[in-house]
Amino acid sequence: MFAPTSKKILLAVLVASYVIQSGLVYSDDVDIRLSEDAVQGRKLFHDGSCQVCHQLWGQGGFLGPDLTNAASRVDETRLASLLTVGSGQMPSYRYDAREIAFLRAFLEEIDRPDVGRGQLRLGDPASGTSPQAAFEAAVVAGNLPADARAGFETFRSGICSACHFPFQRSIVGAPDLSTAVDRVDDAGLRTVLSEGRPLLGMPPPAPVLSDGQKDEMIAYLHWLRENRSGLVGEVERRQRERGVDWSRLPWWEFR
Ligand code: HEC
Ligand code: HEC
């Protein structure tokens with residue numbers, strides 16, 4: 001179990017992330033101005049620690065659904081019932097009608113699909129705690145040579161990482177690319193990077209990669225292989241040090 005200080009640290013981390021998130025969310029480039037009722041609702045949202053279980057714009061806990069666009073899904077009766085008797089793992093809060101109206105205003109005013117949709121992310125990409133973010137941070141810290149670095153940027157900015165996960169075969173069968181050069185020679189890689197393997201689940205890269213970009217990608221794949229074991233350790237270290245283990249948060253204390 002947790003020592004009181006580590007609980008405090010976890011809560012401080014939560015509160016800090018929420019404050020930073022709120023700062024980002026309500027800053028000018030997002031341009032959502034909350035009404036007075038919604039500001040009251042946001043206070044209840046903070047005080048009720050809703051973010052321990054719920055995400056707004058992908059930030060927060062994962063026990064409950066992302067609430068960024070919940071207002072469009074949840075009607076008034078269901079919201080009132082959720083906020084009084086709870087549901088499943090959602091605790092009962094016993095809010096009165098006024099408080100429910102404040103929370104409703106808050107959820108309605110942040111539900112702005114034109115500004116952003118909630119996204120489920122595993123871990124917090126901003127702090128490098130998702131496996132993908134920890135991997136990308138470890139690669140960047142690895143000081144790769146210019147051509148491999150350019151290949152990595154193409155990989156990162158493209159959709160490659162939607163299917164290829166670091167150091168594992170993904171659910172769609174995309175292999176671990178850090179060992180690709182063991183299986184495929186450079187000519188074979190050039191073919192995959194031109195044509196994909198459409199029958200086996202890899203579409204031809206779009207936008208099309210130029211010859212120079214293919215060479216850079218191949219340089220990156222060789223660099224990955226050479227640095228694989230160091231990277232594996234580095235990714236683990238980053239996740240251990242900076243990770244917040246949401247599943248171990250004492251959410252039951254908010255009951
Ligand atoms: C302990 C975890 C937990 C906390 C804390 C929590 N919720 Fe929930 N919430 C859940 C879970 C789990 C569900 C899904 C329940 C279900 O579908 O039966 C849920 C569902 C919801 C939904 C419906 C979302 C949808 O898309 O159907 C809303 C709205 C909601 N919660 C709002 C809140 C608010 C506001 C707070 C704070 C006052 C809060 N929750 C606190 C766990 C939590
Ligand atoms: C839609 C999912 C998907 C996307 C997007 C995707 N791949 Fe793939 N990729 C796969 C699958 C599945 C395979 C394995 C096909 C097979 O079984 O031979 C594969 C195989 C490969 C291989 C061969 C590796 C080996 O060990 O055989 C390379 C190299 C590769 N992909 C690179 C990329 C790059 C670079 C990108 C981005 C431009 C990318 N992939 C985007 C699904 C994807």
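For the structure, check the block above.
Residues numbered from 1 in each chain as written. Chains lettered and ligands numbered in written order. Predicted model: local features only at pLDDT ≥ 70, side-chain atom pairs only at ≥ 80, totals over all residues. Heavy atoms only, no water.

Visitor: Let's hear about helix H5 (residues 97–110): which residues, and what values?
Guide: With 14 residues, H5 should cover 20 Å at 1.5 Å per step; its first-to-last C-alpha distance of 20 Å lies within 8% of that length. Burial in H5 covers these residues: Ile100, Phe102, Leu103, Arg104, Ala105, Phe106, Leu107 and Ile110. (Helix = DSSP H or I, 4+ residues; strand = E, 2+ residues; numbered from the N terminus. Expected span 1.5 Å × (residues − 1). Buried < 20%, exposed > 50% of the residue type's maximum accessible area, 1.4 Å probe, protein only.)

Visitor: An account of the coordination of the iron atom of ligand 2 is needed here, citing residue identities and associated values.
Guide: For the iron atom of ligand 2, every protein donor is listed as His164 (NE2) and Met202 (SD), and the spread of their distances is 2.0 Å. Classification of His164 by relative accessible area gives buried; the value is 11%. (Donors = N, O, S within 2.8 Å, 3.2 Å for Na, K, Ca; no water.)

Visitor: Just give me the short version of the packing of helix H10 (residues 186–195) against helix H11 (residues 211–226), but keep the residues and values in it.
Guide: Two elements in contact, H10 and H11, have axes separated by 10 Å at closest approach and are oriented at 125°. Comparing their axes, H11 and H10 come out oblique. Like other packed secondary-structure pairs, H10 and H11 cross with a definite hand, here right-handed. When H10 is examined against H11, the residues Asp186, Leu189, Arg190, Leu193 and Ser194 are found in contact with a partner set consisting of Lys214, Asp215, Met217, Ile218, Leu221 and His222. Among the residues making up the contact of H10 with H11, the classes are represented as five nonpolar, two polar and four charged. (Axes fitted to C-alpha atoms, helices over the stretch in contact; angles between N-to-C directions. Parallel < 35°, antiparallel > 145°, perpendicular 65-115°, else oblique. Left-handed = near helix turned anticlockwise from the far one by under 90°. Contact = heavy atoms within 4.5 Å. Nonpolar A, V, L, I, M, F, W, Y, C, P; charged D, E, K, R; others polar.)

Visitor: Quick rundown of the site of ligand 1? Include the residues and the values.
Guide: As a structural note, the neighbourhood of ligand 1 is formed by 21 residues, with Cys50, Cys53, His54, Ser87 and Met90 the closest of them. His54 is positioned with one of its side-chain polar atoms (N or O) 2.7 Å from a nitrogen atom of ligand 1. A distance of 2.8 Å separates an oxygen atom of ligand 1 from a polar side-chain atom of Arg73. More than half of the atoms of ligand 1 fall within 2 Å of the grid points belonging to the second largest pocket. It is helix H4 (residues 76–82) that contributes the most residues to the shell around ligand 1, three residues altogether. A class-by-class count of the residues in the shell around ligand 1 yields 14 nonpolar, five polar and two charged. (Near = heavy atom within 4 Å. Polar contact = N/O pair within 3.5 Å; in protein donor to acceptor, adjacent residues only side chain to side chain. 1 Å grid on protein atoms, 1.4 Å probe; cavity = no way out; pocket = protein on both sides within 12 Å on 5 of 7 lines; lining within 4 Å. Sits in = over half its atoms within 2 Å of the grid points.)

Visitor: Please provide a residue-by-residue account of the packing of helix H6 (residues 131–141) against helix H7 (residues 146–157), values included.
Guide: Contact geometry for H6 and H7: axes closest at 11 Å, N-to-C directions at 165°. In this view, H6 runs roughly antiparallel relative to H7, as classed from their interaxial angle. Taken as a pair, H6 and H7 cross one another with a handedness that is left-handed. Where H6 abuts H7, its residues Glu136, Val139 and Val140 lie against Arg149, Phe152 and Arg156. In the contact of H6 with H7, the residues fall into three nonpolar, no polar and three charged.

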